[in-house]
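Tertiary structure, described
Here are the chains, one letter per residue:
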Amino acid sequence: MTRCRPSEANQPPAVPPIVEPLKLSTETLNYISQGAILKTPEDQRMLDETYPGIDLTYSNNQTVAQIRAIPNRRLRMMMAIGFLNVEGSGRYNRRDDLYTCNVYSLDFLRLILGNDIIGSRYNLITGEPTVFDINDID
């Protein structure tokens, strides 16, 4: 049986350090706001009404094409953050127990990199789920 040494038994638990919230620069906040401003009413509907298990329709979306065309990576990412608006879009703020943070991460990567890089779980022509097996790994 292991026992604490008397000096350990009388020690109060360590207080966790205080973590200050991240302060974003005005420039970063402006880029995020610009991404939100680019969003059309159709884009907002897509972000509010598309169930998290279904891919967002980026393929013919002019706003997404405009964001992807931004050559500066930092600006492109900030605009994508504003466009998706994780705190205000219905897709990521649901009352059911879905892990929408994972959905947001995948949506963000697909927006920035494109479905050719990340891939889609659905056949773009038929809409049927795409299934991969062990032989499709390469």
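Use the structure listed above.
From a predicted model like this one, the values you see are computed outputs, not experimental measurements. (Residues numbered from 1 in each chain as written. Predicted model: local features only at pLDDT ≥ 70, side-chain atom pairs only at ≥ 80, totals over all residues. Heavy atoms only, no water.)

Some words on the packing of aromatic side chains
Under the criterion given, the structure shown has two aromatic pairs. Here Tyr92 and Tyr104 contribute two aromatic rings whose centre-to-centre distance is 5.2 Å and whose plane-to-plane angle is 90 degrees, an arrangement assigned as edge-to-face. One end of the pair, Tyr92, is in the loop between helix H5 (73–84) and helix H6 (100–113); the other, Tyr104, is in helix H6, with 12 residues separating them in the sequence. Tyr104 shares its class with Tyr92; the two are buried. Put simply, the rings of Tyr92, Tyr104 and Phe108 touch in pairs and so form one group of aromatic residues. (Phe/Tyr/Trp six-rings, centres within 6.5 Å; stacked < 30°, edge-to-face > 60°. Helix = DSSP H or I, 4+ residues; strand = E, 2+ residues; numbered from the N terminus. Buried < 20%, exposed > 50% of the residue type's maximum accessible area, 1.4 Å probe, protein only.)

Re H5
For H5, with 12 residues, the first-to-last C-alpha span of 16 Å sits near the 16 Å given by 1.5 Å per residue. What H5 keeps buried is the set Leu75, Arg76, Met78, Met79, Ala80, Gly82, Phe83 and Leu84. Looking at the packing, one finds that the buried side of H5 touches helix H2 (26–38), helix H3 (41–49), helix H4 (62–68) and H6. For H5, the capping residue at the N-terminal end is Asn72, with a side-chain oxygen 2.9 Å from the backbone nitrogen of Arg74. A positive phi of about 45 degrees marks Asn85, the residue just after H5. (Expected span 1.5 Å × (residues − 1). Contact = heavy atoms within 4.5 Å. Polar contact = N/O pair within 3.5 Å; in protein donor to acceptor, adjacent residues only side chain to side chain.)

Some points on the packing of H5 against H6
One can describe the packing of H5 onto H6 by two numbers: an axis separation of 10 Å at closest approach and a directional angle of 130 degrees. With respect to H6, the element H5 is oriented oblique. Handedness of the H5/H6 crossing: right-handed. Facing Arg76, Met77, Ala80, Ile81, Phe83 and Leu84 of H5, the residues of H6 in contact are Tyr104, Asp107, Phe108, Leu111 and Ile112. (Axes fitted to C-alpha atoms, helices over the stretch in contact; angles between N-to-C directions. Parallel < 35°, antiparallel > 145°, perpendicular 65-115°, else oblique. Left-handed = near helix turned anticlockwise from the far one by under 90°.)

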